[in-house]
Amino acid sequence: MHLKLPAMATGVADTTAGFPPDWQERWRVAHQRIDHAGYGDTIARNYRRAGPHIAERVGPAAAIRLGGSVSAASIRAGRRAAGLLIDAALHLTEAVSDPSQFMSWLDMVDEIAKRGPESLAPFLENLARLLDALGFPGLLAFVRMGLGVSRQDKARRLAFFSLESGEARRLLDHHARADVLGALTPRLKPYFGALWGFCPPITEPPADAPEIMRRRSGFGGGGIRLPPSYAGFPRDDQEQLYRATLAHIGAHHRATRARFPAVGLRPLQIAIVSLIEDARAELLAMREMPGLSDLWSRFHVARPEGAPVAISLMARLSRALLDPAYEDPHGWVAKGRTLFDEAVSSDAHDQQLSRRIGGLLGNDIGQMRLQFDAKTYVVQPAYRDDNLAIWDFGDQSEPPTEIEAMAEGARIEQRSAPDGRKEEGEGEEKQSGRLRDAGADEGTFAARYPEYDHVTGQFRPDWCTVREWPPKVAPPAAVNTLRESRSDLVERISKLIRASRVSRQERVRRQPEGEFLDMDAAISAMVAWRAGEVPDARIHGRYERRSRDISVLALIDASHSTSDPVRETGTSVLATEKLATAFLARAMSELGDPFAIAAFCSDTREDVRYVRIKDFERPFDDLALGRLAGLESALSTRLGAIIRHAGQDLKARRSYRRLLLVVTDGEPSDMDVDDLHYLVEDARAAVQELNREGIDIFCVALDSGAESYANRIFGQRSSIQISSIEKLPEVLLAIYLRLAS
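Residues numbered from 1 in each chain as written. Predicted model: local features only at pLDDT ≥ 70, side-chain atom pairs only at ≥ 80, totals over all residues. Heavy atoms only, no water.

### Notes on unusual backbone geometry
Here the amide bond leading from Gln380 into Pro381 is cis, since omega sits at 0 degrees, within 30 degrees of zero. Relative to the elements of secondary structure, Pro381 occurs in the loop between α17 (352–367) and β5 (391–392). Even without glycine at this site, Asn387 takes up a positive phi of about 65 degrees. With respect to the helices, strands and loops of the structure, Asn387 is situated in the loop between α17 and β5. Phi angles above zero are rare outside glycine, and Asp462 is one such case at about 50 degrees. Looking at the element boundaries, Asp462 is found in strand β9 (residues 458–469). Its relative accessible area of 22% is what places Asp462 among the partly exposed residues. (Helix = DSSP H or I, 4+ residues; strand = E, 2+ residues; numbered from the N terminus. Buried < 20%, exposed > 50% of the residue type's maximum accessible area, 1.4 Å probe, protein only.)

In structure tokens, the structure reads:
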């Protein structure tokens, strides 16, 4: 954030210029309090200079109120944070549209200083970027979310407000995106084709891609991967960044003819060789198309100042190799430029010059003892790709951890598009793409879903990861129990379902009485009467539901709390769920109605588990019974993400009615959530989302003695508690009556 204090005199008398006469004494008291508080001359002077400007822009009360926040920031977060606060306040006066927003922002600052003082300085440093991406309402939600997700974890909170955590960056991407890439893609594809003469598919990284991959572009397998947006860049720059990126990737396609072997190289050497190769490819492209120089150079903002750390020097060298007018006094940068100029003047098409120069410069960095962290390194400037496609990592069975971190993005599974092209992450793959096959004890990535934060009133984008876990199969004895027990109850359920009529209404004609006049029958009757015949009196019609057209997905709670006993029977909740589901499944299977069964539990938001017992297309056979019988109680209940995931299956059905039947003990909870209302409100939001999609949701809450949240989540009309499976037919009757109404 580049800020500048207003130019004005520093005398005390002059600082009252922006205040009305009746406010000048209060202002004098306010800044004298800062003067004598011992926070330092710089803070006192800057506050005196900023006050009149703030008073003029958002009112004298705001300027005086700022003094209280400066004191709180100095005491709790330190002088640096207090100094940043004054600069940020000046910036905000230009950004807010309503003076009340300025006061709300000071409330935010006070709250951060109180609950997370270590995070105040990075928050203030990133204020301009956050405001640009989120707007003022979004900024308020961002602060509440940051304080909410890290109540006891300082490191996590600091990473969030420093915009270094995936949570914060996803939130920024979500707001900044506004489908930026989607809106620009129709223009970007022809642009690439005009430059380089071919049109590869362009797509976003998969949702489960590592963060480092989602922040930079990449290519390989015949396609190009672009980030959903460039967080932190103004919207006006986004299209130019995408164009610069595509021009750069096209330059690699033209100039980098073979991949460099990575075996034996350290991550720093790989990064610097990549940097030199970027410069060589761009040099050849600019010889052919000189206008590309202006497109790329605007994003090289490195300057010959600041601490000479490895990443900073690399950014300066990148600029030096592109911009002949750039001057940098550092010896390493000068050496790199000299080596590069000598090599390309001899033969710029020699790809190995990048390997030679990169190796030499990498050794120099090592001798200077400069730190380089491959896990956090992001290629600069922003338009350059991650360079993973120009490296051959071979078949190293156990590559070094740093190399693994850099190479993660290159291992995205690729599938053939319908036209035979190799593509990355389109359509279905957006949800199913993964870095590598998951092991049996990890589950398989299925999708990410947002989660509703009732405190901020906002959705946390891509917050929960749903993984599909393979079901366990129970021994034959347990299967026989579910297959053979209580045939009388299954028969009652079958009769009830058979008698139900859940379908579109049909017109039934030629009735003696009814809801409408059957015109064809009436005309026939009149013709018969005029012909002297006895007319047929059945000239009415009515509407009837004559069949069933419904798809049912039964979702079983298999969390640890379902091991508790049901009060009346003493049988565990999970055992009762299995029996109830088995009876319903046997009845529907006999009638041929489409249905599916799944179970769920969760282990924090990163591992929400979905277990498919039976899909719609598969029969309810011994394998499905074995999977149902093999369910075990474990872990927690993150209901909202699971409802959203099950809803995806039901959305694909073309039935007249689609029913999600949730069987649970009705108490959402998880290890990483200590707000008792958070998961309840998220599940309630998920139910409302599916209702808006035309999907009915009904909850059967098995009474385990625990407090039930079923009514709050599903609504009083869509939930019912039962204490034994004997009441299951009664529940189904209520459901089908409601669906038929």
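### As for the pairing of strand β14 (residues 595–602)
Most of β14 sits inside the fold, with eight of its eight residues counted as buried. Of the two faces of β14, the one lined by Phe595, Ile597, Ala599 and Cys601 and the one lined by Ala596, Ala598, Phe600 and Ser602 are each fully buried. Bridge analysis of strand β13 (residues 550–557) against β14 gives six bridges, and the strand direction is parallel. Paired with Leu555 across the two strands is Ala598, which belongs to β14. Following the chain from β13 across helix α23 (residues 573–591) to the adjacent parallel β14, one finds a crossover that is right-handed. If you look at the hairpin formed by β14 and strand β15 (residues 608–614), you'll find five residues sitting between the two strands, and Thr604 has a positive phi there, around 75 degrees. (Pairing = 2+ DSSP bridges. Right-handed = clockwise from strand over helix to strand, strands pointing away.)

### Focus on the sheet that holds strand β3 (residues 223–225)
To summarise the sheet geometry, strands pair through backbone hydrogen bonds and adopt either a parallel or an antiparallel arrangement. What the three strands build is an open sheet, ordered β1-β3-β2; its pairing is mixed. Edge strands, defined here as strands with exactly one partner in the open sheet, are β1 (202–203) and β2 (218–220).

### Section: a nonpolar patch on the surface
A cluster of nonpolar side chains, namely Leu517, Met519, Ile523 and Val527, defines an oily patch on the protein surface of about 390 Å² accessible area. With three residues, the top contributor of residues to the nonpolar patch is helix α22 (residues 519–530). Within the secondary structure, Ile523 is located in helix α22. (Patch = residues over 30% accessible without salt bridge, like charges linked within 9 Å, V, L, I, M, F, W, Y side chains within 5 Å. Areas by Shrake-Rupley, 256 points an atom, 1.4 Å probe, with all protein chains shown as cover. Salt bridge = Lys/Arg side-chain N within 4 Å of Asp/Glu carboxyl O.)

### Details of the packing of aromatic side chains
On inspection of all chains with the given rule, the structure shows 14 aromatic pairs. Three or more aromatic residues joined by ring pairs form one cluster here, namely Phe123, Phe142, Phe160 and Phe161. We note Arg243 situated over the ring of Tyr191; from NZ or CZ to the ring centre the distance is 4.5 Å. Just above the ring of Trp469 sits the side chain of Arg609; from NZ or CZ to the centre is 3.7 Å. (Phe/Tyr/Trp six-rings, centres within 6.5 Å; stacked < 30°, edge-to-face > 60°. Lys NZ or Arg CZ within 6 Å of the ring centre and 35° of its normal.)

Read these as spatial facts, not as claims about activity.
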